[in-house]
Amino acid sequence: QFFSLFNQSTSSCFRTLASLPPFVVSSHVKMGSEDRKKEMYTHTAPWLIYGLNWSTRSPYRLALGSFVEEYNNKVEVIQLNEETEKLERFGIFDHPYPTTKIVWAPSKVSTSDDMLATTGDYLRLWRVGSQKIELSCLLNNNKNSEFCAPLTSFDWNEADPTLIGTSSIDTTCTIWNVETNQAKTQLIAHDKEVYDIAFAPSTYVFASVGADGSVRMFDLRSLEHSTIIYESPDLIPLLRLCWNKQDHNYIATFLMDQTKVVILDIRAPSMPVAELQGHTACVNSIAWAPHSSCHVCTAGDDFQALIWDLSEMPKPIPDPILAYNAEAEVNTLQWSVKQPDWVAIAFNKTCQILRV
């Protein structure tokens, strides 16, 4: 299952697919360090893993969120011990309801401790110290009711780390200032539930997707207007979106209970620039390579994580270039920003980090 990515000394967990070219990256990027011997590390949690994300500051540190159908859930922080070559628990804390998303603070945030944010019923910020993990603040914009509309997702603005945007089933998106712990603005973003929000790699622009089947783009400087850049066939709900970290013109999204991933070029809206159709069951997660504008990873219920080379767009992209077979449906994946030669996936109670 292992193969040579560039030469026989650099291995990967992903296998090449027959008759396809090797994984090509920019010449200045080193994919896989030869001083590391293992290509995969595995951690088993005591519960089904749903949320997952890499730390942007601490090497080989991840946060894992539980999915238990009750109020009491957990978030576990794990860290690779390079001496024992094992993923070990760094800390764990209680979380009300399952996390719908976990994001570590951008590397620009100047705090002595790691920070991470979670969504579920509310947006919470957590301080990850060397001895303990504690709640820093809880942000709630609903002052008039004892009930809250669950938050489906959020994104932390990397260009301006004082801003976090959340999406909700009540059709709104809220932009928070995490320095003042106040809502900066709240807007009705969609006609139905909003399932995801993502900032462009810039301060002002963000996009959202939802149950109305549309991708909508906003500018914080002019929130009176939004642009619908794509609507799915028959307005099938769109579950997630991901902005290309290197080329801001491209967004990836996928449809509910569908096997394809849609690549959009915001310069030519309404029609996808590419459709990736390598999965045989519904897609659950997408992640752009943090170091390459033309590589994206997808994962789904067919037990597969697939890596695609989009450098030939707008020509059709018939097949992925790399694939990894997991032992069960892959719920989520994340590509590490700090170590771009590693991808993390979660299935059942298992988290694996895989060398690309």
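Higher on the page you've got the structure.
As a starting point, this report considers the structure included with it. Computed from a predicted structure; not experimentally measured. (Residues numbered from 1 in each chain as written. Predicted model: local features only at pLDDT ≥ 70, side-chain atom pairs only at ≥ 80, totals over all residues. Heavy atoms only, no water.)

Moving on to the overall build of the protein. Each helix and strand counted, the protein has 0 helices and 31 strands in total. In the protein, which comprises 356 residues, the proportion classed as buried is 56%. Pairs at least 24 apart in sequence give 48% of the contacts found in the protein among residues at least 6 apart. (Helix = DSSP H or I, 4+ residues; strand = E, 2+ residues; numbered from the N terminus. Buried < 20%, exposed > 50% of the residue type's maximum accessible area, 1.4 Å probe, protein only. Contact = heavy atoms within 4.5 Å.)

The next point concerns the side chain of Thr 152. Mapped onto the secondary structure, Thr 152 falls in strand S13 (residues 151-156). Overall, Thr 152 belongs to the buried group, its relative accessible area being 11%. Within polar-contact distance, the side chain of Thr 152 engages the side chain of Ser 167 at 2.8 Å. (Polar contact = N/O pair within 3.5 Å; in protein donor to acceptor, adjacent residues only side chain to side chain.)

What follows concerns a nonpolar patch on the surface. Among the surface-exposed residues, Leu 48, Tyr 50 and Phe 67 lie close enough to one another that they form a single nonpolar patch of about 230 Å² accessible area. Here Leu 48 shows up in the loop between strand S4 (40-44) and strand S5 (49-54). (Patch = residues over 30% accessible without salt bridge, like charges linked within 9 Å, V, L, I, M, F, W, Y side chains within 5 Å. Areas by Shrake-Rupley, 256 points an atom, 1.4 Å probe, with all protein chains shown as cover. Salt bridge = Lys/Arg side-chain N within 4 Å of Asp/Glu carboxyl O.)

Take the sheet that holds strand S23 (residues 261-265) next. Taken together, the 4 strands give an open sheet; going across it, the order is S21-S22-S23-S24, and neighbouring strands pair in antiparallel fashion. Every other strand in the sheet has two partners, leaving strand S21 (238-243) and strand S24 (274-276) as the edge strands with one partner each. Each strand axis lies, on average, 25° off the axis of its neighbour in the sheet, ignoring direction. In this structure, strand S22 (residues 250-255) lies alongside S23, joined through 5 bridges in antiparallel fashion. Residue pairing in the sheet places Phe 254 in a bridge with Val 261 of S23. (Pairing = 2+ DSSP bridges. Axes fitted to C-alpha atoms, helices over the stretch in contact; angles between N-to-C directions.)

Overall, the coordinates contain 11 salt bridges when judged by the stated rule. Residue Arg 89 is joined to Glu 76 by a salt bridge in which the shortest nitrogen-to-oxygen separation is 2.7 Å. Residue Arg 89 is found in strand S8 (residues 86-96), and its partner Glu 76 is found in strand S7 (residues 72-81); the two are separated by 13 residues along the sequence. Among the residues examined, Arg 89 registers a relative accessible area of 46% and is labelled partly exposed. Looking at Glu 76, the relative accessible area reads 2%, which means it is buried. Residues joined by salt bridges that share partners form a network here, namely Asp 191, Asp 212 and Arg 216.

Another aspect to go through is the nonpolar core. If you look at soluble globular proteins, the nonpolar side chains tend to sit buried side by side. Ranked by size, the top nonpolar core spans 21 residues in total, and within it Phe 14, Ile 307, Tyr 324, Trp 335 and Ile 345 carry the most contacts. Sort the elements by how many residues they give to this core and strand S30 (residues 342-347) lands first, with 3 residues. (Core = buried A, V, L, I, M, F, W, Y, C linked by side-chain atoms within 4.5 Å.)

On to the packing of aromatic side chains. Aromatic ring pairs are described here by two measures, namely the spacing of the ring centres and the angle between the planes. A complete count under the given rule lists 8 aromatic pairs for this structure. Both rings, one in Tyr 41 and one in Trp 342, keep their centres 5.8 Å apart while their planes meet at 40°; by these two values the pair is tilted. Here the residue Tyr 41 occupies a position in strand S4, and Trp 342 occupies one in strand S30, the gap between them amounting to 301 residues. Through a chain of ring-to-ring contacts, the aromatic side chains of Tyr 41, Tyr 60 and Trp 342 assemble into a single cluster. (Phe/Tyr/Trp six-rings, centres within 6.5 Å; stacked < 30°, edge-to-face > 60°.)

When you line up the elements, Trp 54 lands in strand S5. Distance in space between the C-alpha atoms of Trp 54 and Val 77 is 9.7 Å, their sequence separation being 23 residues. Apart from residues no more than four positions distant in its own chain, Trp 54 is found in contact with Tyr 60, Arg 61, Leu 62, Trp 104, Gln 334, Trp 335, Ser 336, Gln 339, Trp 342, Val 343, Ala 344 and Ile 353. A polar contact is formed between the side chain of Trp 54 and the backbone oxygen of Gln 334, at a distance of 3.0 Å.

Moving on: the sheet that holds S30. One open sheet holds the 4 strands; their spatial order is S4-S31-S30-S29, and the pairing between them is antiparallel. Since the sheet does not close on itself, it has two edges, and those belong to S4 and strand S29 (332-335), each with one partner. The average angle at which neighbouring strand axes cross in this sheet is 15°, direction not considered. Pairing geometry for S29 and S30, over 4 bridges, is antiparallel. Note on S30: the bridge partner recorded for Trp 335 is Val 343.

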